[in-house]
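# Summary of structural features
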Amino acid sequence: GKSYSPPLTLAGGQAPYVWSVAGGSLPQGLTISAAGLLSGTPSTAGLANFVLQCKDAANETAIKPLTILVQPPLGIVASTMPPVVAQTVYFHLFQASDGLPPFHWTITTGSLPAGLTLTDGGLLTGNAITPGTYPLTLTLTDTTAHASQSATAAITLSVIQPLTAVTQTF
């Protein structure tokens, strides 16, 4: 789901060069031009094994077996959040799907109710003070060796009054 264009280099030979796939297949969504530009947006996660071939003007051929691992996109696991009871300690751990740690969790729109905090590791914790409804956008990012990914989720956090016993005289 992300654009990919690694540099390909060649040493020696006589220009012009013509590149092609000599065996196996590129990940779905990637192509290689005759000029040697490997690019595209992979559409399916998985491992792809293939052999790149380059011919020069003297009809000399160089081949290189390669493997590309296409990672699944980062996501936020949707879960039903129980309501927060005001004046009561609360814990909720958000979960990532796929991606590569380390993960970084932030609130990008809206704000948490007073008394609650979100840790970088995705733990929502604290003791909410004011009942109400709090719409938020939660953003998850990871950082890989080559690029970072992000995912967002709209959530609504409900803070409710604690249950209290009311006695009546009969």
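Relevant structure appears above.
Here's a quick rundown of the structure. (Residues numbered from 1 in each chain as written. Predicted model: local features only at pLDDT ≥ 70, side-chain atom pairs only at ≥ 80, totals over all residues. Heavy atoms only, no water.)

### Observations concerning the overall build of the protein chain
For the protein chain, the count of helices and strands is 0 helices and 14 strands. The C-alpha atoms of the protein chain give 26 Å as radius of gyration, which overshoots the globular expectation for 170 residues (15 Å, by more than 25%). When each of the 170 residues of the protein chain is scored for burial, the buried share is 28%. Sequence-distant contacts in the protein chain: of pairs separated by 6 or more residues, those separated by 24 or more amount to 57%. (Helix = DSSP H or I, 4+ residues; strand = E, 2+ residues; numbered from the N terminus. Rg over C-alpha atoms; globule rule 2.2 N^0.38 Å. Buried < 20%, exposed > 50% of the residue type's maximum accessible area, 1.4 Å probe, protein only. Contact = heavy atoms within 4.5 Å.)

### Topic: the environment of Thr 167
As for its position among the elements, Thr 167 is in the segment after strand 14 (148-160). Note on Thr 167: relative accessible area 76%, which makes it exposed. For the pair formed by Thr 167 and Ala 34, sequence separation is 133 residues and the distance between their alpha carbons is 84 Å.

### As for the nonpolar core
With 20 residues, the main nonpolar core has Met 81, Val 84, Phe 94, Trp 105, Leu 116, Leu 124 and Leu 157 as its most contacted residues. Counting residues per element, the ones that place at least two in this core are strand 11 (116-118), strand 13 (132-143) and strand 14. If we skip the residues at most four places from it in the chain, Val 84 touches Tyr 90, Leu 116, Ala 128, Leu 157, Ser 158, Val 159 and Ile 160. Formed by 10 residues, the second largest nonpolar core is a distinct cluster that contains Trp 19, Ile 32, Leu 38 and Phe 50. (Core = buried A, V, L, I, M, F, W, Y, C linked by side-chain atoms within 4.5 Å.)

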